[in-house]
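Chain residues, written in single-letter form:
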Amino acid sequence: MIASGFDIGTRFVKVCIVEGRNVLGYSIEETGKDMRRIIKAAYKRALERSGVKKRAVERRMATGYGSELVRKADAVVPEAPCLARAVHALNPEIRLAVDVGGLFINVTGVGARGFVDGTLTNDKCAAGSGKFLEMVSETLSVPFDSISDMALRSNSPYAINSQCAVFAESEIISQVNGGRSGEDILAGVLKSIVLRAATLVERSDASGMVALCGGISKIPAFRVLFERTIKSDAYIPPLDPQIIAAYGAALLAEGRAAVRNKGSVGAACPGHARVMESR
Amino acid sequence: MNVRINLRAKTVFELKEYRIVRYLYYVLIRGYYLALLLLPYGVISLVARYVLHPFIFNKETRFNKYIRSALLWMGGGLHKAADYRAHLPIMRIILDYLRHHVEPIKNRKKPLIYLGWCVSPEFMRAFDVHYIIPEAFSVTGSWLGRDVSNHMLEVLESEGGSIESCSASKFAAGAYFTRQMPDPDLIVTSSHPCDSGVSFYPTLQNVTRVPMYVLDTPYGDDEDSYRYFAGNLKAMISFIEKNTGQKIDWDRLRRSCEELNKTNFYLQELTAMTRAIPSPVSSQQLTVAWAMKLMGSGSPHLTEMARIMYENAKKRLDRGQGWLREERIRVIWWDVPIAFVSLYPWIEKEFGAMIVGGDLMGRCNTPYVDTSSEESMMLSLAKVHLNASMVRNVRGTQELFMDEFEQIIAEYSGDCFIFVGHNGCKHGWGYGRIKKDICKRIGLPALHMSSDYSDSRNTSEESLKKQISDFFIGNGLA
């Protein structure tokens, strides 16, 4: 079965087309004013890349902040089951998926069979998210792609005192005007995001391998800081980490086939029950 | 006397005296019984599937409210022609039971006993008495639509009844306060399954001013407990004898127990058959069997119903055929949603989901009654009482509940677990964390829904369906 998953995030629209567990194609588009058009364009691009006709897609599943905007979705699901299903399909040893996105950090426990085993998310606040990093990079006039290199060059990351992204931005401007280097500020911002994610990981009380996904996990410096903070190696998915939720949604769209195929008829029935004389 | 109460701001709902019983007895059940007699089962099946199905399957409206629930209890148009044969004895059981209401209303010749729903009606068959199970109104009351059910509950609450009580007890009291059942001469009940029931009956006694006997339920699950309870049953018999001036007919009790053994054989076979993949038995059948057992335990009609269901299911099992054409999800379900009986056919139709392992009520796990002597019969009936649905699970330590839960998970190959929470069931919610931990350990996705199985005011049918849909889809089961 060919299925598609839509992850409509706060910063990017991700669409993934799968057949079985194989990714046929995917696309990532930045969000904008006309969301429906962007979703349509992202879907079209994903279809082109996968070489699949629209009518060949049997089921569509949507997740994420704007999931309700996907008109033709067969169902809308929360992000947690999508993350759990995706990371379990990629590596069944994973017990925790950390998704650091544009506005949210989602930490999802993954059971041994790939089902959700508890979820945690950060407060609805830009201070611990990709949007915050974008704001800071714009303030510093640093291209987003250069953030990682610059942060890794820092010797004394600046500890941001403000908890709110708006106040933090003012604080950063003050620091820039005071002569603080861009490297230290960026490293400090990354560290504040890492600490928020690490706190959620700690609260989750999960033991086992941790998978890191979401757009922010594509920044090498973030990965390094995250692994250093949680004192363990993180599993980086072999796919683009940004499309993991969309990939999971597509796997969920496949439904039963993705879980397991039902076995033999009557195999579990030993025959007849007997009238029990007592318990 | 007509009870009038302001239920909603704009309308005044009126529930006439004995309205429920009269409607069920003279219209609904007799009408269905007549249809079963006059039409061949294939025709019934076709009519149910293609004519009534769309009418009853969607939400309750003012056009279908008087028949929707009743027809959903009868299979919702999903039964096959062969299984409609079982409905003939079902109608006989309901009609026999309703006679205990109708005859005392018309002309009272025999004593009338209110019987707690966890006390075996077999004892009543051994006396020349009428018996009414007040809690059965939670089932039969719902057959007339939600207006009627809600009205009964609200009348009770307006009389000062506890909102937190089990809604089955509230239905029973509501039925009394709205004059849906004639006044009793005696009350016989038990201290199981829960304290909600225990507190309800003294209230009923207070308003009816009749003698009451309460069976004292032991916590334990050993021979001493059974012997203690058998002693209680003997005292109950003496109580009934003293207050009715009758003597127990041991032969009639023996015959009832022999029927019960036959019925239980078939029902336990049916319960066990749900272990097969695909399951040849519908959860609806087991739930209906539970409700019929409540009304007609010890009746030959009940045995006949169970036999027909068993034989059809056995044929399907032998052919390797399931109840559903394609069984996609196997659900372990706890607690029967009485007010939301539409959920069962809905999940079967919508998701190809099959409830296996039985729900709290439908899972038949009743010991054999040894009828060789009066003594052995009493001891066996003590075991029957203490192993009845709910009673076996919630009367003692949590192990009684959890052992069965783990056994069901191990034996019935469920893909997920759904607990239809019931507001009044402290036990069910009290075990919540333990159930979750067990599911987590096994890796079984679990859904705990906050609702009330008999009270649709708590959570709507649509909301429950939405939660179930999200759960199935979100876990990749559908």
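Residues numbered from 1 in each chain as written. Chains lettered and ligands numbered in written order. Predicted model: local features only at pLDDT ≥ 70, side-chain atom pairs only at ≥ 80, totals over all residues. Heavy atoms only, no water.

Trainee: Could you clarify how one ought to interpret the overall build of chain A in this entry?
Mentor: Regarding its fold elements, chain A presents nine helices and 10 strands. With 279 residues in all, chain A has 53% of them scored as buried. Within chain A, residue pairs in contact and separated by at least 24 positions form 64% of the contacts whose partners lie at least 6 positions apart. Here chain A has roughly 12900 Å² of accessible surface; of this, 48% comes from carbon and sulfur atoms. (Helix = DSSP H or I, 4+ residues; strand = E, 2+ residues; numbered from the N terminus. Buried < 20%, exposed > 50% of the residue type's maximum accessible area, 1.4 Å probe, protein only. Contact = heavy atoms within 4.5 Å. Areas by Shrake-Rupley, 256 points an atom, 1.4 Å probe, with all protein chains shown as cover.)

Trainee: It is not clear to me how the domain arrangement of chain B should be interpreted in this structure. Could you clarify?
Mentor: Many descriptions give the size of an interface as the accessible area lost when the pieces come together. All names here are of chain B. Domains assigned within chain B are domain 1 (20–249) and domain 2 (251–474). Facing the 73 residues of domain 1 at the interface are 67 residues of domain 2. Contact between domain 1 and domain 2 buries roughly 6200 Å² in total, counting both sides, with carbon and sulfur atoms accounting for 63%. Broken down residue by residue, the surface that domain 1 buries against domain 2 is led by Trp73, Glu122 and Arg125, which jointly contribute 12%. Seen at the junction of domain 1 and domain 2, the total is nine salt bridges. Between Asp83 and Arg316 there is a salt bridge, and its shortest N-O distance comes to 3.0 Å. Taken together, domain 1 and domain 2 are joined by 23 residue pairs in polar contact (both at pLDDT 80 or more). Per-element tally for the side of domain 1 that touches domain 2: the top contributor is helix α10 (residues 223–244), with nine residues. For the side of domain 1 that touches domain 2, the residue count by class is 36 nonpolar, 16 polar and 21 charged. (Domains from an automatic or database assignment. Buried area = accessible area lost by both parts, 1.4 Å probe. Salt bridge = Lys/Arg side-chain N within 4 Å of Asp/Glu carboxyl O. Polar contact = N/O pair within 3.5 Å; in protein donor to acceptor, adjacent residues only side chain to side chain. Nonpolar A, V, L, I, M, F, W, Y, C, P; charged D, E, K, R; others polar.)

Trainee: It is not clear to me how the sheet that holds strand β7 (residues 329–334) of chain B should be interpreted in this structure. Could you clarify?
Mentor: Within a sheet, adjacent strands bond to each other through the backbone by hydrogen bonds, running parallel or antiparallel. Residues and elements named next belong to chain B. Here we have four strands laid out as an open sheet, ordered β8-β7-β9-β10, and parallel in their pairing. Each end of this open sheet is capped by a strand with a single partner; those strands are β8 (353–356) and β10 (446–449). Taken pair by pair, the neighbouring strands of this sheet meet at an average axis angle of 30°, ignoring direction. The pairing of strand β9 (residues 416–420) with β10 spans four bridges and is classified as parallel. The residue bridging Phe417 from the neighbouring strand is Ala446, located in β10. Sheet contacts for helix α14 (residues 343–351): β7 and β8; angle to β8, the most-contacted strand, approximately 135°. Of the strands in this sheet, β7, β8, β9 and β10 are in contact with helix α20 (residues 461–474), which crosses β10 at around 165°. (Pairing = 2+ DSSP bridges. Axes fitted to C-alpha atoms, helices over the stretch in contact; angles between N-to-C directions.)

Trainee: Looking at this structure, how should I read the nonpolar core?
Mentor: A general feature of soluble globular proteins is that nonpolar side chains tend to end up buried together. Residues and elements named next belong to chain B. Ile94, Trp143, Met305, Trp333, Ile418, Ile468 and Phe472 are the most contacted members of the largest nonpolar core, which has 177 residues in total. In terms of residues, this core owes the most to one element, helix α1 (residues 19–38), which gives 10 residues. Both domain 1 (20–249) and domain 2 (251–474) contribute no fewer than three residues apiece to this core. Not counting residues within four places of it along the chain, the set of residues in contact with Ile418 comprises Val331, Ile332, Trp333, Trp334, Leu447, Met449, Ile468, Phe471 and Phe472. (Core = buried A, V, L, I, M, F, W, Y, C linked by side-chain atoms within 4.5 Å.)

Trainee: For this particular structure, what's the right way to read α20 of chain B?
Mentor: Because an α-helix completes one turn every 3.6 residues, residues spaced three or four positions apart along the sequence face the same direction. Its 14 residues place the ends of α20 of chain B 20 Å apart at the C-alpha level, agreeing with the 20 Å of an ideal helix rising 1.5 Å per residue. Listing the buried residues of α20 of chain B in full gives Glu461, Leu464, Lys465, Ile468, Ser469, Phe471, Phe472, Ile473 and Gly474 of chain B. (Expected span 1.5 Å × (residues − 1).)

Trainee: So what exactly am I meant to see when it comes to helix α8 (residues 244–254) of chain A here?
Mentor: Within α8 of chain A, 11 of the 11 residues are buried, which leaves it mostly tucked inside the rest of the structure. Considered for burial, the residues of α8 of chain A that qualify are Ile244, Ala245, Ala246, Tyr247, Gly248, Ala249, Ala250, Leu251, Leu252, Ala253 and Glu254 of chain A.

Trainee: Could you clarify how one ought to interpret the sheet that holds strand β3 (residues 22–30) of chain A in this entry?
Mentor: Overall, mixed pairing links the five strands, which are arranged β3-β2-β1-β4-β5 (chain A) in an open sheet. Each edge of the open sheet is held by one strand with a lone partner, namely β3 and β5 (75–76) of chain A.

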